[in-house]
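Fold and contact review
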Amino acid sequence: MRRSRKFGLGVNVGVLAVAAVAIGVVPVSTPSPGGRDADFRRAANDGFKEYPTLGLVGRPAPDALKARAAVDAGAAVDRTRNAGFGPDLTPGTPQVELLLISTQHKGHDESLKQQEFTDNLEWVVTYEGTRPTVHGPLHLDPQFRAAAMNLECDMVFFVDAVTAELLHGALQKC
């Protein structure tokens, strides 16, 4: 079952301190010379990627499935740039990778954790170096707010490789 979620972008201020310590880095290959590929970098598809706040896991798409992608990487990047977010959340040259994205279904008992793959073919577009959107009470400590605003995060979009629909909302990882 595939659902589009209304885009909502927020960072849990209480988690920012922990997130600042544990920033995930995605390995990147060199940009392709010329053409539309100059607008993005292809990330190395070397294994599983987890997006726990969205309950998603990605794994490299086999070559046989890559041919099913009706939307190319350049069109996926264009879709994210036209999603209504300002240039501060989509800066520079993004990383793009074609993954099979699945929903993680986990039980409450640690010994019974399972993973069911729903395998939607999606472009994962990641912009590095975005500033977090800080929400919180008006009386939030100004030093904490300033520290949070100095973090650099990754903005991640999921684009359906067949329909170019934006899926799962936008994720800002810090």
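Residues numbered from 1 in each chain as written. Predicted model: local features only at pLDDT ≥ 70, side-chain atom pairs only at ≥ 80, totals over all residues. Heavy atoms only, no water.

Throughout the structure, instances matching the rule amount to three salt bridges. With a closest N to O distance of 3.4 Å, lysine 66 and aspartate 63 form a salt bridge. Residue lysine 66 and its partner aspartate 63 are located together in helix H2 (residues 63–66), separated by three residues, close to a single helical turn. What makes lysine 66 partly exposed here is its relative accessible area of 35%. Residue class for aspartate 63 comes out exposed when judged on its relative accessible area of 63%. (Salt bridge = Lys/Arg side-chain N within 4 Å of Asp/Glu carboxyl O. Helix = DSSP H or I, 4+ residues; strand = E, 2+ residues; numbered from the N terminus. Buried < 20%, exposed > 50% of the residue type's maximum accessible area, 1.4 Å probe, protein only.)

Glancing now at the packing of aromatic side chains. A full pass over the atoms with the stated rule returns three aromatic pairs. Pairing phenylalanine 85 with phenylalanine 157 gives two aromatic rings, centres 5.4 Å apart and planes at 65°, and the pair type is edge-to-face. One end of the pair, phenylalanine 85, is in the loop between helix H3 (73–81) and strand E4 (95–103); the other, phenylalanine 157, is in strand E6 (residues 153–160), with 72 residues separating them in the sequence. Taking the relative accessible area as the measure of exposure, phenylalanine 85 reaches 16% and is therefore buried. Under the relative-accessibility criterion, phenylalanine 157 is labelled buried at 0%. Both rings, one in tyrosine 127 and one in phenylalanine 157, keep their centres 6.0 Å apart while their planes meet at 90°; by these two values the pair is edge-to-face. Of this pair, tyrosine 127 sits in strand E5 (residues 120–130) while phenylalanine 157 sits in strand E6, and the two are 30 residues apart along the sequence. Linked through ring pairs, Phe85, Tyr127 and Phe157 together constitute an aromatic cluster. (Phe/Tyr/Trp six-rings, centres within 6.5 Å; stacked < 30°, edge-to-face > 60°.)

What follows is about the state of the cysteines. Taken as a whole, this structure holds one disulfide when the rule is applied. The disulfide partner of cysteine 153 is cysteine 174, and the S-S distance across this bridge is 1.9 Å. In this structure the cystine formed by cysteine 153 and cysteine 174 twists about its S-S bond by roughly 90°; its chirality is therefore right-handed. On the criterion of sequence distance, the pair formed by cysteine 153 in strand E6 and cysteine 174 in the segment after strand E7 (166–173) is long-range, its members being 21 residues apart. Overall, cysteine 153 belongs to the buried group, its relative accessible area being 1%. (Disulfide = S-S within 2.5 Å.)

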